[in-house]
Structure formats: structure tokens, C-alpha cells
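Topology and contacts: notes
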Amino acid sequence: MKISFYVLSESKAQDFLGFICQLTQTALNKSTQSLLILVDDETLLSTLDEVLWAQDATSFIPHQCLSDIHSKATDSDANKSLAPVLLGSYMPTDFNGIVLNTTIRPVTDFMAATNNAKPSRVLELIRPDATSTQEGRHKYKAYQQLGYELTHFKV
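Now for a description of the structure that goes with this document. (Residues numbered from 1 in each chain as written. Predicted model: local features only at pLDDT ≥ 70, side-chain atom pairs only at ≥ 80, totals over all residues. Heavy atoms only, no water.)

What follows is about the overall build of the protein. In terms of helices and strands, the protein carries seven helices and seven strands. Element order for the protein, N to C, with α for helix and β for strand: β-α-α-β-α-β-α-α-β-β-α-β-α-β. Buried residues in the protein amount to 39% of all 155 residues. Residue pairs at least 24 apart in sequence account for 63% of intrachain contacts in the protein once pairs closer than 6 positions are excluded. Roughly 8,300 Å² of accessible area belongs to the protein as shown, and the carbon and sulfur atoms make up 49% of that amount. (Helix = DSSP H or I, 4+ residues; strand = E, 2+ residues; numbered from the N terminus. Buried < 20%, exposed > 50% of the residue type's maximum accessible area, 1.4 Å probe, protein only. Contact = heavy atoms within 4.5 Å. Areas by Shrake-Rupley, 256 points an atom, 1.4 Å probe, with all protein chains shown as cover.)

The strand order 3-4-2-5-6-1-7 describes an open sheet built from seven strands, whose pairing is parallel. In the strand order of this sheet, the two ends are held by strand 3 (63-65) and strand 7 (149-154), each with one partner. In this sheet, adjacent strand axes meet at a mean angle of 20° when their direction is disregarded. Note that strand 1 (residues 2-7) and strand 7 share six bridges and pair parallel. Paired with S4 across the two strands is T151, which belongs to strand 7. Across the sheet, helix 2 (residues 16-30) touches strand 1, strand 2 (35-38), strand 4 (85-88), strand 5 (98-101) and strand 6 (121-126), and the angle it forms with strand 6 is around 160°. Those strands touched by helix 3 (residues 42-53) are strand 2, strand 3 and strand 4, and its axis lies near 160° from that of strand 4. (Pairing = 2+ DSSP bridges. Axes fitted to C-alpha atoms, helices over the stretch in contact; angles between N-to-C directions.)

Inspection of the secondary structure assignment puts L45 in helix 3. Since its relative accessible area comes to 9%, L45 is described here as buried. Along the sequence, L45 and S89 sit 44 residues apart, while their C-alpha atoms lie 8.7 Å from each other. When neighbours within four sequence positions are excluded, L45 is seen to be in contact with V39, L87 and G88.

With that settled, the discussion passes to the packing of helix 2 against helix 3. Between helix 2 and helix 3, whose axes approach to 10 Å, the crossing angle comes to 55°. The angle between the axes of helix 2 and helix 3 places the two elements in the oblique class. Seen along the crossing, helix 2 lies across helix 3 with a hand that is right-handed. Of the residues in helix 3, those touching helix 2 at F16, L17, I20 and C21 are L44, T47, L48, V51 and L52. Residues of the contact of helix 2 with helix 3, tallied by class, amount to eight nonpolar, one polar and no charged. (Parallel < 35°, antiparallel > 145°, perpendicular 65-115°, else oblique. Left-handed = near helix turned anticlockwise from the far one by under 90°. Nonpolar A, V, L, I, M, F, W, Y, C, P; charged D, E, K, R; others polar.)

Rendered as C-alpha cells:
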């Protein structure tokens, strides 16, 4: 699995939602795989849901919240009609696309709690504060010990 760390500058961190939208659009443009944005903060999840619909004045990023999908259908039904971008606090069963992780937990924690989830790529966002930096180092070491291919970008 390939894991890319995006260490955000102060300006990118101030426009955190904008950067997530930009990275999401880039991932969609470069891949046919679905993208899961892991979010463990309900306020951020709700705000991101709104921002993705109005990312540009002339466009939007088609997405679904996992909580909406599972409240309307069974697990097997829900997996048949997924949008290209999913938002949620967990990883769906059998997920094998790209994960954009906004949480402080490594993606492997989410994989361990899910049946047969094997993301092809992980995008880790690291904000320029002490807590996020420390958690980023922890994630980096954990992924390194598992032998994943790691890349690092300062943005």
C-alpha cells in the first residue's frame, strides 16, 4: 500500500476544507477508484459535506455520507450505489479505494475494525500544530514498520 503524507503549511491549514476539496478533486482526476474521506469530528463532517457540494461556483464533487447510506439500506444494498467520494468515521466492508485520512488514528486501525478492507492508497493530512505533528510521526513509524511505501510532501 502506498501512503503519502501531506504536511500542511500554516496557510493550507487555515484553508483545511479547501485543501481537502483540492486533494479530493486531484485524486478523482488521476484515478477511477473511489475515495473515502475519514473524519471523526461530526462538525467537520457536516461542514465538509456542504463544502464538497459547492466546491466551485460551477461544479461540485459527488459524494455520500456513510451514515446516510446505511440509514437507508442494508450493507449489501449500500455497496451497490456508492458515490465516487464517501465521507465517514469508519471504513466500509471490502473497501479497496483511496483513503484520505483527517483523523489522528492510522488507517490500519480502521482496517482492523472492517472486514476485508484493503485500501490501495492512503493520503494522510498533517496540520502544523504540535499534536498533529506528533500523531503524524506516530503514524509514519507504524506504517514504516508494516513495510508500506511512504512518500512525504510539504504543501
